[in-house]
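# Structural description and commentary
Take a look at the letters that make up each chain.
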Amino acid sequence: MHKEPKGVRLLNITKIYRDPKTKKDFPAVDNISLDIEPGSFVTILGPSGCGKTTTLRIIAGFESPDTGEIYIGDEAVNALTPNKRDTAMVFQSYALLPHYNVFDNVAYGLRIRKLPKDDIRASVMAMLDMVKLNGMEERMTNQLSGGQQQRVALARALVMQPGVLLFDEPLSNLDAKLRVNMRNEIRNIQRTLGLTAIYVTHDQAEAMSLSDQIVIMENGKIAQIGSPRDIYYRPNSEFIADFIGEANFLKVIIEGEQNGRLKASFDGIPLEMESPGNVEQGSERKIVIRPESIRLQDTGRIPCKVIVSTFMGSYQYYQVMTDDTMVIITDYNPRSRKIYQAGERAWMMFDDSALHIL
């Protein structure tokens, strides 16, 4: 039913805005380049004000870059208005037409294209079936729940058979459980149809669960691009490690390098990890280790004192102090483990493969 998905290429895109308070210009998007493969699901992630929504609006044509080129497929689209680009957008606010019923909302774009009536009906009904709204085509949109309204917005975008489907924080108005259900459905539909999807969010869990690739932005620039697994286990900065999930940071002294392995010490305790190369011997660096990679035992590698011990159901949450460093530990499936109470002494145990140098 759908045509071939298209890739997206951004070359040296910059967008300058003026701060209304200071009257100074600042780059909302600062000379970014990005290649998105056809049929992939790419999430642009970052804190508020990092440039992610501006980047999406530039791809859609709602904003014009001050410099740089935008390609959708092999076509340069800088000069094209949004309706002339092979994209469709699912908005945070749904942007439904309140005086139209569900069917007419989904059919709106096809009617503008002046498609035959029978073709429009067949396409709309197929899309309503895909987003699980069959039988609701006569309902007015104000009679729908937030989740149902979001499905109408998704069907309206999908029915246009876009080469690229764009999402601007589409689930942020839904409650937590519905968000999880909708993100799974969006991913399933994207895979089923083979669409290229570009999804903007500040929600790390959304980005991790949806994406083939995550693009993390910071202050208008691309801070890192990678698979969810790469971003989580191999962050290239403290900002990224801290932004994606919870992270512990330990200061270590670099002892040397051998066979691609970096030898370091934390408070005199030897550690070993994959070497990024060009690390100066004797220098002090930070390493990151995720809370779920550590467990507490009666013997282990690093002695510590338990400060906080809280039962969270699926895991026991600890805060421990080692020397002058606070470490967070999430010990999963605590039912079968010894529980350490606040004030007790214990040892932290972990595999060196869980360590990553920043």
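Preceding this section is the structure that the text describes.
What you are looking at is a predicted structure, and each value in this text was computed from that prediction instead of being measured.

Conventions adopted
- Residues numbered from 1 in each chain as written.
- Predicted model: local features only at pLDDT ≥ 70, side-chain atom pairs only at ≥ 80, totals over all residues.
- Heavy atoms only, no water.
- Core = buried A, V, L, I, M, F, W, Y, C linked by side-chain atoms within 4.5 Å.
- Buried < 20%, exposed > 50% of the residue type's maximum accessible area, 1.4 Å probe, protein only.
- Helix = DSSP H or I, 4+ residues; strand = E, 2+ residues; numbered from the N terminus.
- Pairing = 2+ DSSP bridges.
- Contact = heavy atoms within 4.5 Å.
- Axes fitted to C-alpha atoms, helices over the stretch in contact; angles between N-to-C directions.
- Expected span 1.5 Å × (residues − 1).

### What about the nonpolar core?
Counting 38 residues, the largest nonpolar core has V124, L154, L158, L165 and F167 as its most contacted members. Of all the secondary structure elements, the ones that give two or more residues to this core are β6 (87-90), α2 (102-112), α3 (117-130), α4 (146-158), β7 (164-168), α5 (176-193) and β8 (196-201). Counting residues per element, this core draws most heavily on α4, at six residues.

### Considerations on the sheet that holds strand β2 (residues 25-36)
Pairing is antiparallel in the open sheet, where four strands are placed in the order β2-β1-β4-β5. Each of the sheet's edge strands pairs with one partner strand only, and the pair in question is β2 and β5 (75-76). When strand β1 (residues 8-18) meets strand β4 (residues 67-72), the two strands line up antiparallel, connected through five bridges. By the bridge assignment for β4, V8 is matched with I72. Where helix α1 (residues 52-60) meets the sheet, it contacts β1, β2 and β4, and its direction lies at approximately 120° from that of β1.

### Concerning the pairing of β2
Bridging between β1 and β2 involves eight bridges; their strand directions are antiparallel. Its bridge partner being in β2, K15 is matched across the sheet by V29. Hairpin remark: β1 followed by β2, antiparallel, with six residues in the connecting loop; positive phi at K23, about 65°.

### Concerning the sheet that holds strand β19 (residues 345-349)
Spatial ordering of the open sheet is given by β15-β19-β16-β17-β18, a layout of five strands whose pairing is antiparallel. Only two strands of the sheet have a single neighbouring strand rather than two, namely β15 (295-297) and β18 (325-332). For this sheet, the mean angle separating the axes of adjacent strands, direction not counted, is 45°. Of the pairings in the sheet, the one linking strand β17 (residues 315-322) to β18 comprises eight bridges and is antiparallel in character. Bridged to Q316 within β18 is D331.

### Remarks on α4
Over its 13 residues, α4 runs 18 Å from end to end, which matches the ideal 18 Å to within 8%, given 1.5 Å per residue. Buried residues dominate α4, accounting for 11 of its 13 residues. Every buried residue of α4 is accounted for by G147, Q149, Q150, R151, V152, A153, L154, A155, R156, A157 and L158. Contacts made by the buried residues of α4 are with β6, α2, α3, β7 and α5.

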